[in-house]
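# Geometric and topological summary
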Amino acid sequence: MSEILVETKNLSKSYGKLKALNNMSMTLYKGDIYGFIGPNGAGKSTTFKILSTILIPDTGTATINGISITRGSEVRGLIGYMPDSFGVYDDMTVYQYLDFFAAAYFIPSKKRKSLIHDILELTDLTFKRDAMVQSLSRGMQQRLGLSRVLIHDPKLLILDEPASGLDPRARIEFRELLKELVKMGKTILISSHILSELSEICTRVGIVEQGKLIYEGSRSEIEEKLLGYGRIIVELKDAEAAVHCQAVLKKAPFKIEMVIYDYKLNISISKDGTDLDDIIRYLFEHDIKIKAFYKSKLSLEDAFMNITEGKLA
Ligand SMILES: Nc1ncnc2c1ncn2[C@@H]1O[C@H](COP(=O)(O)OP(=O)(O)O)[C@@H](O)[C@H]1O
Ligand SMILES: [Mg+2]
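Conventions used here
Residues numbered from 1 in each chain as written. Chains lettered and ligands numbered in written order. Predicted model: local features only at pLDDT ≥ 70, side-chain atom pairs only at ≥ 80, totals over all residues. Axes fitted to C-alpha atoms, helices over the stretch in contact; angles between N-to-C directions. Helix = DSSP H or I, 4+ residues; strand = E, 2+ residues; numbered from the N terminus. Parallel < 35°, antiparallel > 145°, perpendicular 65-115°, else oblique. Left-handed = near helix turned anticlockwise from the far one by under 90°. Contact = placed C-beta atoms within 7 Å. Nonpolar A, V, L, I, M, F, W, Y, C, P; charged D, E, K, R; others polar. Pairing = 2+ DSSP bridges. Expected span 1.5 Å × (residues − 1).

Moving on: the packing of helix α3 (residues 94-104) against helix α4 (residues 109-122). Interaxial distance between α3 and α4 falls to 10 Å at its minimum, and their mutual angle equals 120 degrees. Between α3 and α4, the interaxial angle falls into the category oblique. In the crossing of α3 with α4, the sense of the turn from one axis to the other is right-handed. Contacts between α3 and α4 pair Tyr 95, Leu 98, Asp 99 and Ala 102 from the former with Arg 112, Leu 115, Ile 116 and Ile 119 from the latter. Each residue belonging to the contact of α3 with α4 can be placed in one class, and the counts come to six nonpolar, no polar and two charged.

Contact geometry of α3 with helix α5 (residues 138-150) gives a least axis separation of 9 Å together with a crossing angle of 30 degrees. Comparing the axis directions of α3 and α5 gives the class roughly parallel. Between α3 and α5 lies a crossing whose hand is right-handed. Between α3 and α5, the contacting residues are Val 94, Tyr 97, Leu 98 and Phe 101 on the first element and Leu 144, Ser 147 and Arg 148 on the second. Per-class residue counts for the contact of α3 with α5 are five nonpolar, one polar and one charged.

The next subject is the sheet that holds strand β11 (residues 231-235). Taken in spatial order, the four strands of this open sheet run β12-β13-β11-β14, and their pairing is antiparallel. This sheet does not close on itself; its edge strands, each paired only once, are β12 (257-261) and β14 (292-296). Ignoring which end each strand starts from, the neighbouring axes of this sheet average 20 degrees apart. Note: β12 against strand β13 (residues 264-268), five bridges, orientation antiparallel. Bridge pairing links Val 259 to Asn 266 in β13.

Turning our attention to α5. Each α-helix winds once per 3.6 residues, and so residues spaced three or four apart point in a common direction. If you check α5, its first and last C-alpha atoms are 19 Å apart, about what 13 residues at 1.5 Å a residue would give, namely 18 Å. Of the surrounding secondary structure, the elements contacted by the buried residues of α5 are β6 (79-82), α3, α4, β7 (156-159) and α6 (168-183).

Put into structure tokens, the structure is as follows:
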């Protein structure tokens, strides 16, 4: 069993009457890239702010590397928090920006130059060393944000929606960088409201809704959990046959949802699950000639929609 790096237990937080977190409990192991996924307003940023000691929870506890978040100064040395917006540091060059944060972390001026050099190499921003921060593209700004949180060499990176607004290329570069950081021994907690944005790099995923963690597991566990309801594809001879097949199935005693794509019928099966046998038997009895019949794999996005629609609850 891997070592736990972050553990929250029943964190709750209200803003006035609005309950943003409602018993949020989650666990991160060392070396995880943990995708914290949920729709807007689910409480992702609030959780991150609590872990970063910016906000104090109303109730509940959290530890980072065994240290309670109530011990702010100790915890802050362990984490690098990148908020969802870049901040307002205009009229500074990339170098000045990083130098400023290095100073804020009390890194002696003698060491800063080589440290910043190394970080810029890692995040591939060396060529922008003397550029103004506001002149950087969104992708470069995100890499600069990441550079900043690396300055004090924290164990845990907390990245709030870093991939949002990145073009596909920048997103891939960002992913590669995160993988690199994990190889260097970092643990990464990263949020998104789009599962597919993170699915390829995360080792574990936690799904949040209305201030609660409603599911936590590895990517393969998510898929497994949802196995048994997905889609069935029935392939017919041609489009006409598909329309006929659909008409026949509509009269069946079981209820299924269908969509036609040309000569294929795409059937969704729900949790209360129509038995596949029933469908096959019914088609056979009604003399429908099938070219192929197979289960299509759920995409992770489908899985996510199913989970957040409460279908698993
Ligand atoms: N400072 C604040 N004051 C009042 N309400 C807030 C504040 N910050 C967040 N909220 C509300 O709390 C809920 C959770 O917000 P947040 O943690 O930002 O969610 P997420 O990051 O998942 O989108 C939302 O309904 C949001 O509108
Ligand atoms: Mg947010």
